[in-house]
Amino acid sequence: MSRSSAQGVPVSGTDAAGAAIDVLAIIISGLMIYGVIKAIRMLLLVWVVFVVIILVAELIIVIVITAFARGAEVLIPAWIIYLLILGLVIYGVLVVYSHYQNLRDGVSDDDDSAAPPPSDPPQGTAVSPPGGVYPQIWGNANYPTVYEMDRTRV
């Protein structure tokens, strides 16, 4: 074990490894943001792969905690925290991978040159009659109302 010069507290190898992974995660996340801004697909894919590797490592850690835990006071919070993080990270991975696919396929989110909707309705849709007035067949002199119909032919 090494000693921290600031407080004289011993620092374990797992603490140092955790700090190194956190620094690496910050760097990779910064590169992902740069990739989004500059539309560099490969940086998005690197982030997705890195995050999946971290999730697998965290799963292994939670399984080890489960194997050696003595009591629910450690076990339940570890799994709850892991499952919450898992849900959020899966959502983030899906969003970033979806943006990667958009960049790969040439789809732009902020395309202002989109064509306006067509003014004519497509074939097979109802349109207003000329003048915009629908004919009134009930109560019209040319068409008898329901109660004036000849009921003998029914």
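Scroll up for the structure.
A quick note: this is a predicted structure, and the numbers were derived from the prediction, not measured.

Draft legend 1. Representation of the environment of Ile21. Within the secondary structure, Ile21 is located in helix H1 (residues 13-38). It is 8.7 Å that separates the C-alpha atoms of Ile21 and Ile54, two residues lying 33 residues apart in sequence. With near-sequence residues (within four places) excluded, Ile21 lies in contact with Phe50 and Ile54.

Draft legend 2. Representation of the layout of surface pockets. Considered as a void within the structure, the second largest pocket measures approximately 190 Å³ in volume. Around the second largest pocket sit 13 residues that line it, and Ala25, Phe50, Val51, Ile54 and Glu58 are the ones nearest its centre. Here the element with the most residues in the lining of the second largest pocket is helix H2 (residues 41-68); it accounts for 6 residues. Residues of the lining of the second largest pocket, tallied by class, amount to 10 nonpolar, 1 polar and 2 charged.

Draft legend 3. Spotlight on the packing of H2 against helix H3 (residues 72-105). It is the contact of H2 with H3, at a shortest axis distance of 10 Å, that shows an interaxial angle of 165°. The angle between H2 and H3 falls in the class roughly antiparallel. Where H2 crosses over H3, the handedness of that crossing is left-handed.

The rules we used
- Residues numbered from 1 in each chain as written.
- Predicted model: local features only at pLDDT ≥ 70, side-chain atom pairs only at ≥ 80, totals over all residues.
- Heavy atoms only, no water.
- Helix = DSSP H or I, 4+ residues; strand = E, 2+ residues; numbered from the N terminus.
- Contact = heavy atoms within 4.5 Å.
- 1 Å grid on protein atoms, 1.4 Å probe; cavity = no way out; pocket = protein on both sides within 12 Å on 5 of 7 lines; lining within 4 Å.
- Points joined across faces, edges and corners; volume = space filled by probe spheres on them.
- Nonpolar A, V, L, I, M, F, W, Y, C, P; charged D, E, K, R; others polar.
- Axes fitted to C-alpha atoms, helices over the stretch in contact; angles between N-to-C directions.
- Parallel < 35°, antiparallel > 145°, perpendicular 65-115°, else oblique.
- Left-handed = near helix turned anticlockwise from the far one by under 90°.

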